[in-house]
Amino acid sequence: SLFLDLLKLGVTDVFICGLAFDVCVKYSAIDAVEQGFKTHVIADGCRGVTSEGIAKTKEEFDQKGVIIIQSNKVCAAVDENSRSKHKIKY
């Protein structure tokens, strides 16, 4: 899986955005956090299917430890959480 490849590279944090917040993004983020990654979802880089689905997904993220951030906070989060042996350039 992609996450196993990332682990082999020493990646510790993942940042996810896309369509749809309450479907694809949800399952990717939950999979990532369960694999041991510090997982961030970039909220303003996502769109959901339903308001109810988005609300339930946010609750699940809170329970699982997925961090929801805005795109203007990504650089600070990378700097603050950089534990990887690979430097991320932005």
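It should be emphasised that the depicted structure is a prediction, and the values quoted were computed from it without experimental measurement. (Residues numbered from 1 in each chain as written. Predicted model: local features only at pLDDT ≥ 70, side-chain atom pairs only at ≥ 80, totals over all residues. Heavy atoms only, no water.)

(A) Highlighting the pattern of salt bridges. Tallied over the entire structure, the rule returns two salt bridges. Here E60 and K26 are joined by a salt bridge, their closest N and O atoms 3.0 Å apart. Of the two residues, E60 is situated in helix α3 (residues 51-64) and K26 in helix α2 (residues 21-34); the sequence distance between them amounts to 34 residues. Residue K26 is classed as buried on the basis of its relative accessible area, which comes to 12%. (Salt bridge = Lys/Arg side-chain N within 4 Å of Asp/Glu carboxyl O. Helix = DSSP H or I, 4+ residues; strand = E, 2+ residues; numbered from the N terminus. Buried < 20%, exposed > 50% of the residue type's maximum accessible area, 1.4 Å probe, protein only.)

(B) A look at the environment of C46. Relative to the helices and strands, C46 resides in strand β2 (residues 38-47). According to the relative accessible area criterion, C46 is buried, its value standing at 5%. With near-sequence residues (within four places) excluded, C46 lies in contact with I16, C17, G18, F21, V25 and V41. (Contact = heavy atoms within 4.5 Å.)

(C) Spatial organisation of the pairing of strand β1 (residues 13-19). Relative to β2, β1 runs parallel, the two sharing six bridges. Its bridge partner lying in β2, D13 is registered against K38. (Pairing = 2+ DSSP bridges.)

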